[in-house]
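For reference, the chains in residue letters:
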Amino acid sequence: MPGQNPWIPVAPDWETVLEKYANPIEALSEIDTPAVIIRQAYNPDHCAGLIRRFIDEDLMYDQDALDTDSSAVPPRRIDIGTSLGNRGEAPADFFAHAQETHERFKTLFKGFDNPVATLYENLARLAPGKRIVTAYEPDGRLYSPAIFRIHYGGIGYEPHFDSVRRREKRVNYEAYRFEHQLAGIICFQNSEIEGETAQSILHRCLWMPDINDHIKENTFHQYATENDIENVQVNLEVGDLYFFNTRGIHEVPGVKGRAPRIVLAIFIGYSPDDEEVFVWS
């Protein structure tokens, strides 16, 4: 909005980030910056190798096979991991599936750098002095540590926000305790057509109850224009990583490129006075 400081992501490496913000996760929680971007945080060659493994292990579709079989209709999205958003209504199912994810991830990355470890290691630099842990319940049940989201057919996401606490109101989950929710994402593959890629658009607007109608009625863009709300587009190459505040209104335009868009994603629970930072998917 007019009179505010310039709202731009901080990038491209930790030296630059920490020079600007001693405690970057606090800056994100207050949306002082739209995103922290670390370029080439993960080896792009390992992204390609793992995608081939996912295909070989029938965890995702082979795009070449789809191109030659007109009858094949893939789902719009495939997850490798466990989504609290999709499975949280049934805790027993969620935690059982999350345990399967932990078992799968023990061997899935063999021979490659572990991309989940890369996310956690970078999160530790985002939140200095905090203990980074996979989210857990008091009885020891673990959430999924991360999730691969594979998007086919130009799937995108309209303006929305994500919050276990404010949107889903999952009071029966320990992740509810955190004041702030953020996300971390590694780009594994861009969907691209005529040079255009599907990237995140982040708006300088934290969700508040009075924004709900605009989200539900798909009028947020009009509201943003009328109120001079800034936005930035986060452009990523394979191997790039970024963190952002999921209470901020954000969207992902759909691009109907040949290849599916693939990311590795985590949600992050953070409170300034909590020694732990929770991670789940």
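Criteria and cut-off values
- The residue count restarts for each chain, going from 1 along the sequence in the order it is written.
- Per-residue local features of the predicted model are confined to residues with pLDDT of at least 70, and side-chain atom pairs are confined, for both listing and counting, to 80 or more; whole-chain, interface and lining totals are unaffected and use all residues.
- As a rule here, side-chain values cover all heavy atoms of the structure and leave hydrogens and water aside.
- In what follows, a disulfide is any cysteine sulfur pair within 2.5 Å.
- Only protein chains enter the accessibility calculation, which uses a 1.4 Å probe. A residue is then buried if its area is under 20% of the maximum for its type, exposed if over 50%, and partly exposed in between.
- Secondary structure elements follow DSSP: runs of H or I no shorter than four residues count as helices, runs of E no shorter than two count as strands, and numbering proceeds from the N terminus.
- In protein, a polar contact requires one atom able to donate a hydrogen and another able to accept it; more generally it is a pair of N or O atoms within 3.5 Å, and residues adjacent in sequence count only if both atoms are side-chain atoms.
- Between two residues, a contact is recorded if the distance between any of their heavy atoms is within 4.5 Å.

Undergrad: I keep staring at the state of the cysteines and nothing clicks. Help me out?
TA: Chemically, a disulfide is nothing more than a covalent bond linking the sulfur atoms of two cysteines. This structure, assessed with the given rule, holds 0 disulfides. The closest cysteine sulfur to the non-disulfide-bonded Cys 187 is located on Cys 47, 7.3 Å from its own sulfur. A residue is classified by how much of its surface remains accessible, and Cys 187, at 2% relative accessible area, is buried.

Undergrad: So what exactly am I meant to see when it comes to the side chain of Ser 163 here?
TA: For Ser 163, the position within the fold is in the loop between strand 5 (157-160) and strand 6 (180-189). With a relative accessible area of 5%, Ser 163 lands in the buried category. A polar contact is formed between the side chain of Ser 163 and the backbone nitrogen of Arg 166, at a distance of 2.8 Å. What Ser 163 contacts, discounting residues up to four positions off in sequence, is Glu 168, Lys 169 and Gln 181.

Undergrad: Looking at this structure, I do not really get the environment of Gly 88. What am I missing?
TA: Its place among the elements puts Gly 88 in the loop between helix 5 (84-87) and helix 6 (91-108). Residue classification places Gly 88 among the buried positions, given a relative accessible area of 3%. Distance in space between the C-alpha atoms of Gly 88 and Asp 274 is 24 Å, their sequence separation being 186 residues. In contact with Gly 88, not counting residues within four places along its chain, are Ser 83, Arg 170 and Tyr 173.

So, to be careful, I would describe these as geometric facts and stop short of saying anything about function.
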